[in-house]
Amino acid sequence: MNLNIACIPGDGIGPEITAEAKKVLETVCEKYGHTLTIEDVLMGGCSIDRYGVPLTQETIDVCRSKSAVLMGSIGGDAKTSPWYQLEPSKRPEAGLLGIRKALGLYANLRPAYLFHELAASCPLAAGENGDRSFDLIIVRELTGGLYFGERWTKTIDGVETAVDTLRYNENEIRRVARTAFEIAKKRRHRVTSVDKANVLDTSRLWRKVVHEVAADYPDVSLDDMLVDNCAMQLVRTPEQFDVVLTENMFGDILSDEASMITGSIGMLPSASLNESSFGLYEPSHGSAPDIAGLGIANPIATVLSGAMMLRYSFGLAKEADAVEAAVRQTLSDGYRTADLMPKDAGPAEGLVRVACSEMGSKISERVQ
Ligand code: NAD
């Protein structure tokens, strides 16, 4: 197969971590006889420095002409970077919202699973007996709801007042619900739809449409859960979840919560999909400006984003499995980037600290 993709390395640690993901993708493609072509494009702060805007039409056009996009992360330190002197619509993050919209990426997939090799660094997720295990995926609606509604701030009768509008139509709900049910069919056949239907009209419409979609998937079970309860249950018993389907803002908050219960922000990938197999794949974390350029970033979330790309955009499940297995093997062989190293641990515990590029190479060797 010919895999023709764009890469947005971005800012901060972005170029370091995407270099390792490319290395692993090249290895897996070579091993399984695929051709990989990657074209790099600018977005975020580096695009502001070069072109004065965070996202150019050229970047959008290049991304559109490919089958998928691999991304590092964008943005800088809001306190010190000159990018944040600009008005909000010209800052690096505007590039992210712009590309999601331009590419019609309405479904955001955020898996959260516990790596047994790292359970010690996450006592909450490890459970009382250290035997907890979970593997869930959050499907978040990405282009509707509160973040895209009409908003304004004005003074009314001498009182400063702000309004954000939360709006969904049935089509926006239906298409992301279908994505969640399709994913559940390939997993453990369970969808939990999260809303606030005891208060919000949009949630009541959400619930109605999700149940209509569920009728087309008799082999997938559906439960509804209120968002406040879900926030609790994720911490209490994350193993009860398979696919969690939710709207934009609830998904934003719950997916960050879910990623933290796994113990490390450097481990979790994400995908944003449109109605075809096109997707943008990126780590769940940001550009980590505090460690940029030091060569110590953890590239695993980006490597695993590459595995999601193989699975969802190219249908290459065997190749994706090979990358995921290589990551687990590298961890069980004791290799750790700095963020994964428990305090005072070292060779006596069978752990070896490696740099970002070494971690990529160790994973590549195991893919091979
Ligand atoms: P962050 O995720 O970049 O960093 C939080 C902490 O986690 C930092 O201490 C960082 O060093 C550490 N960390 C993150 N990724 C790591 C990795 N791979 N390996 C080792 N350590 C890692 O979050 P932040 O500091 O809130 O944001 C920094 C910048 O990233 C901001 O400009 C923000 O807007 C941007 N951001 C971008 C995206 C994106 O591109 N999708 C997402 C979130 C944040």
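**As for the pattern of salt bridges**
Where side chains of opposite charge bring their charged atoms close, a pairing between them can arise.
Then step 1. Per the stated rule, a full pass over the model turns up 23 salt bridges.
Then step 2. In this structure, the salt-bridge partner of R207 is D195, at a minimum N-O distance of 2.8 Å. Remark: D195 occurs in strand β8 (residues 190-195) and R207 occurs in helix α7 (residues 201-214); sequence separation between them is 12 residues.
Then step 3. Judged by its relative accessible area of 26%, R207 is partly exposed.
Then step 4. With a shortest N-O distance of 3.1 Å, D321 and R311 are connected by a salt bridge. In this pair, D321 is assigned in helix α11 (residues 317-332) and R311 in helix α10 (residues 300-312), connecting sequence segments 10 residues apart.
Then step 5. The exposure class of D321 is partly exposed, given its relative accessible area of 41%.
Then step 6. Classification of R311 as partly exposed rests on a relative accessible area of 27%.

**Observations regarding the site of the ligand**
Then step 1. Inspection of the region around the ligand gives 21 residues, with G76, E93, G286, A288 and D290 positioned closest.
Then step 2. One of the backbone N or O atoms of G76 is found 2.7 Å from an oxygen atom in the ligand.
Then step 3. A distance of 2.8 Å separates an oxygen atom of the ligand from a polar atom in the backbone of G286.
Then step 4. Computed on the free molecule, the ligand has an accessible area of 810 Å², of which 68% lies beneath the protein chains in the complex.
Then step 5. The set of elements that each furnish at least two residues to the shell around the ligand consists of β3 (68-73) and α4 (92-102).
Then step 6. Per-class residue counts for the shell around the ligand are 10 nonpolar, 7 polar and 4 charged.

**Considerations on the pairing of strand β4 (residues 107-113)**
Then step 1. With 7 of 7 residues buried, β4 lies mostly within the body of the structure.
Then step 2. Here β4 shows no split at all, with A107, L109, P111 and Y113 on one side and N108, R110 and A112 on the other all buried.
Then step 3. With 7 bridges joining them, β4 and strand β5 (residues 135-141) adopt antiparallel strand pairing. Across the sheet, L109 pairs through a bridge with V139, a residue of β5.
Then step 4. Note: β4 against strand β11 (residues 269-273), 3 bridges, orientation antiparallel. Looking at β11, one finds that A107 is bridged to L273.

**What about α7?**
Then step 1. Taking 1.5 Å as the rise per residue, α7 with 14 residues should run 20 Å; its terminal C-alpha atoms sit 20 Å apart, in good agreement.
Then step 2. Inspection of α7 places T202, S203, W206, V209, V210, V213 and A214 among the buried residues, and these make up the whole buried set. Down the axis of α7, the sector holding all buried residues measures 145°, keeping them to one side. Across from the buried face of α7, at angles greater than 90 degrees, the exposed residues are D201 and K208.
Then step 3. Buried-residue contacts for α7 involve β5, α6 (170-185), β8, β9 (221-226), β10 (243-246) and α9 (248-260).

**What to know about unusual backbone geometry**
Then step 1. One non-glycine residue, H189, lies in positive phi territory at about 60°.
Then step 2. Turning to its location among the elements, H189 is positioned in the loop between α6 and β8.
Then step 3. A relative accessible area of 30% means that H189 is categorised as partly exposed.
Then step 4. At A288, a position not held by glycine, the phi torsion is positive, near 40°.
Then step 5. Positionally, A288 belongs in the loop between β12 (279-283) and α10.
Then step 6. Judged by its relative accessible area of 22%, A288 is partly exposed.

**Focus: the domain arrangement of the chain**
Then step 1. Domain annotation for the chain reports domain 1 (1-109 + 289-368) and domain 2 (123-261).
Then step 2. When each unit is reduced to the centre of its C-alpha atoms, the spacing between domain 1 and domain 2 is 25 Å.
Then step 3. The partner domain 2 presents 12 residues to the 10 residues of domain 1 that form the contact.
Then step 4. Both sides of the domain 1 and domain 2 interface together cover about 1,000 Å² of buried area, and 67% of this is carbon and sulfur.
Then step 5. Only α4, β4 and α10 provide two or more residues apiece to the side of domain 1 that touches domain 2.
Then step 6. In terms of residue class, the side of domain 1 that touches domain 2 is built from 7 nonpolar, 1 polar and 2 charged.

The rules behind each value
Residues numbered from 1 in each chain as written. Predicted model: local features only at pLDDT ≥ 70, side-chain atom pairs only at ≥ 80, totals over all residues. Heavy atoms only, no water. Salt bridge = Lys/Arg side-chain N within 4 Å of Asp/Glu carboxyl O. Helix = DSSP H or I, 4+ residues; strand = E, 2+ residues; numbered from the N terminus. Buried < 20%, exposed > 50% of the residue type's maximum accessible area, 1.4 Å probe, protein only. Near = heavy atom within 4 Å. Polar contact = N/O pair within 3.5 Å; in protein donor to acceptor, adjacent residues only side chain to side chain. Areas by Shrake-Rupley, 256 points an atom, 1.4 Å probe, with all protein chains shown as cover. Nonpolar A, V, L, I, M, F, W, Y, C, P; charged D, E, K, R; others polar. Pairing = 2+ DSSP bridges. Expected span 1.5 Å × (residues − 1). Arc of directions from axis to C-beta. Contact = heavy atoms within 4.5 Å. Domains from an automatic or database assignment. Buried area = accessible area lost by both parts, 1.4 Å probe.

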